[in-house]
Amino acid sequence: MRGAVIHAPGDVRFETLDDPKILMPTDAIIRTAVTCVCGSDLWPWRGLDATDEAHPMGHEYVGFVEEVGTEVTSVKPGQFVVGSFATSDNTCANCRNGWQSNCLNREFMSTCQAEYVRIPNAQGTLVATDEVPGEEFWPGLLAVSDVMGTGWYAADAAEVRPGSTAVVVGDGAVGLCAVIAAKEMGAERIIVMSRHETRQRLARAFGATDIVTERGDEGIARIRELTGGIGADSVLECVGTAQAMRQALHSARPGGNVGFVGVPHEVQIDGQELFFSHVGLRGGPAPVRRYLPDLIDRVLTGRINPGKVFDLTLPLEQVAEGYKAMDERRAVKTLLKP
């Protein structure tokens, strides 16, 4: 098969790779319908995460089951399935508590920008649709496998409630999906911190009521101004930088909550400052599997369309251009077609 391999910062190649095989009785092999480039993939692309040796890339996927291991009974060959970037058996104590991304048998997906993918823990990870959905739904379902599920978790962790005010820090695909989530959870006011006009338009289409272009202390001051000097009920941090985390923590009101889903890079939190702020803080890898049935239904019924975050579509063999376009902010998110 063919797939994407990163060799060094700025060096992603489309290469011939070994076909995936069933290694464990809990595995499945899927033929990729569509895959994509994630904002978190840009960390190694930019050299901010080390690439010690060449390795495949990608953790978002939807596709058709080709083969299953002997212990997999929840899906069968021919079915269209959606999974998560973190695999889970869905039976351990952590999974039963709703934290499938912290499954005791968790494996993080990392080979999905390819024509075929081996899915560990397939029994608990994959959710099949009732029938093969029309291709117009594939981008939305692909978003559910990560960015929509992650945006939903940001809103859930920040305890967005009907009638509340939410702030979204970050206008990438996760941040934009977090706007959808906040809207679906009933937020009356959704303030998005963004400096990019095209992303601002999409945020408003998804339900944003206000845009804040300032950053740092100016951005915090603007949020305070918009919220009567108090701060927001819920803040959804969808970037992962130190500046974004500081903006999030200082934009929440006393008793408010911050949900952080951006993978942290050089983020440090002052314990004493957090203590006296009365701000709640929860984050981590999103337990996407918890939300899959609900989010799949919302996409297939047309209630939400997170597939709109894909504003560039390329054949899989042009995956390197997909990385470049996102790195240069010519695209929010690149959809790849095998």
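What counts as what
- Residues numbered from 1 in each chain as written.
- Predicted model: local features only at pLDDT ≥ 70, side-chain atom pairs only at ≥ 80, totals over all residues.
- Heavy atoms only, no water.
- Core = buried A, V, L, I, M, F, W, Y, C linked by side-chain atoms within 4.5 Å.
- Buried < 20%, exposed > 50% of the residue type's maximum accessible area, 1.4 Å probe, protein only.
- Helix = DSSP H or I, 4+ residues; strand = E, 2+ residues; numbered from the N terminus.
- Contact = heavy atoms within 4.5 Å.
- Salt bridge = Lys/Arg side-chain N within 4 Å of Asp/Glu carboxyl O.
- Phe/Tyr/Trp six-rings, centres within 6.5 Å; stacked < 30°, edge-to-face > 60°.

Draft legend 1. A look at the nonpolar core. Counting 59 residues, the largest nonpolar core has Met-148 and Leu-236 as the members making the most contacts within it. Among the elements that make up this core, the one with the highest residue count is helix H6 (residues 173–184) (nine residues). Residues within four places of Met-148 in sequence aside, it is in contact with Ala-143, Cys-177, Ile-180, Ala-181, Leu-295, Ile-304 and Pro-306. Ranked by size, the runner-up nonpolar core spans 17 residues in total, among them Val-167, Val-212, Leu-226 and Val-235.

Draft legend 2. Structural detail: the pattern of salt bridges. Evaluated as defined, the whole model comprises 19 salt bridges. Between Asp-294 and Arg-298 there is a salt bridge, and its shortest N-O distance comes to 2.9 Å. Note that Asp-294 and Arg-298 are positioned in helix H11 (residues 288–300) at a spacing of four residues, about one turn of the helix.

Draft legend 3. The arrangement of the packing of aromatic side chains in detail. Within this structure, the stated rule accounts for seven aromatic pairs. Ring centres of Phe-64 and Trp-138 lie 5.9 Å apart, and the angle between their planes is 75°; this geometry places the pair in the edge-to-face category. Here Phe-64 is found in strand S5 (residues 61–68), whereas its partner Trp-138 is found in helix H4 (residues 138–144), with 74 residues between them in sequence. In terms of burial, Phe-64 and Trp-138 fall into one category: buried. Taking the centre distance of 6.5 Å and the plane angle of 5° together, the rings of Phe-85 and Phe-108 count as stacked. With Phe-85 in the loop between strand S6 (80–82) and helix H2 (93–96) and Phe-108 in the loop between H2 and strand S7 (116–119), this residue pair connects regions lying 23 residues apart in the sequence.

Draft legend 4. Examining the environment of Cys-92 more closely. For Cys-92, the location among the structural elements is in the loop between S6 and H2. The class of Cys-92 is buried, set by a relative accessible area of 9%. Along the chain, Cys-92 and Asn-102 lie ten residues apart, while their C-alpha atoms are 9.7 Å from each other. Sequence-distant contacts of Cys-92, that is, excluding residues within four places in its chain, are made with Cys-103 and Leu-104.

Nothing here speaks to function; it is all geometry.
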